[in-house]
Amino acid sequence: MFYMEQPSVAQQVFEYLKRKPYVHEAIEQGIINYSALARQAAKEMNIANVETVKAALIRHSKKIRKEKKNREKKIIQLLQQAHFSIKNKIVSIHSSTPLDIDAIAYSKTPSGYMYFLDEQNAKKTKQKHINQWLAIIHIKSPINIEQTPGVAAFILSALASEDINVVHLMDCREDTFLVIKEYDAPLAFKALSEKLRV
């Protein structure tokens, strides 16, 4: 007969945090009530000793915050080397089949093709379903962005903090395209610039 070794409280807490990204985020921000979280986690994991859970949470939290700080430092250093540009008067066209048009960027998904192009070029097409009043932020990053986790999340978080919605995101190697509403463009650029100041 085989007996499975019971994982330690520290291991169980580690796995618990991996399954709770919103808790992970709150820990990174330093806004967690550890006593309340320990009670909740102990209940969910069926562990009687709440203080042991709390101690494990605090140990893991220190590691999480240190990793976040180091990760953000690398991301900021990388993006400080990137070139940002913004273009307004952009429209999007969705098509179920490929189109022969002069697009700034496009993406292919199972539901069809999404093209982003200049307003003037859009007027030359015969497409009827055109979404107007968009802007594109183009980020040209160093090639090592491919080995740097969390860059897209960092950018999206910076924009979300200003209540800016990214309509579409396209990423290929060192080129990242963020499609946003045109009226959000000035604030989006300001938010990203401020986030990259050290």
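Quick look at the structure, then. (Residues numbered from 1 in each chain as written. Predicted model: local features only at pLDDT ≥ 70, side-chain atom pairs only at ≥ 80, totals over all residues. Heavy atoms only, no water.)

## Observations regarding the layout of surface pockets
Right, so step 1: When its volume is computed, the largest pocket comes out at roughly 340 Å³.
Right, so step 2: For the largest pocket, the lining is made up of 16 residues, of which Glu-28, Lys-68, Glu-72, Ala-153 and Ser-157 are closest to its centre.
Right, so step 3: Of all elements in the fold, only helix H2 (21-29), helix H4 (50-80) and helix H6 (151-160) reach the threshold of two or more residues within the lining of the largest pocket.
Right, so step 4: The element best represented in the lining of the largest pocket is H2, accounting for 5 residues.
Right, so step 5: Taken together, the residues that form the lining of the largest pocket break down as 5 nonpolar, 5 polar and 6 charged. (1 Å grid on protein atoms, 1.4 Å probe; cavity = no way out; pocket = protein on both sides within 12 Å on 5 of 7 lines; lining within 4 Å. Points joined across faces, edges and corners; volume = space filled by probe spheres on them. Helix = DSSP H or I, 4+ residues; strand = E, 2+ residues; numbered from the N terminus. Nonpolar A, V, L, I, M, F, W, Y, C, P; charged D, E, K, R; others polar.)

## Remarks on the environment of Ala-26
Right, so step 1: Mapping Ala-26 onto the fold places it in helix H2.
Right, so step 2: As for Ala-26 and Gln-77, which are separated by 51 residues in sequence, their C-alpha atoms are 24 Å apart.

## Some points on the pairing of strand E6 (residues 175-181)
Right, so step 1: Burial runs high along E6: 6 of the 7 residues are buried.
Right, so step 2: The pairing of strand E4 (residues 130-140) with E6 spans 7 bridges and is antiparallel. Bridge pairing in E6 links Lys-140 to Asp-175.
Right, so step 3: The pairing of strand E5 (residues 166-172) with E6 spans 6 bridges and is antiparallel. Note on E6: the bridge partner recorded for Met-170 is Phe-177. (Buried < 20%, exposed > 50% of the residue type's maximum accessible area, 1.4 Å probe, protein only. Pairing = 2+ DSSP bridges.)

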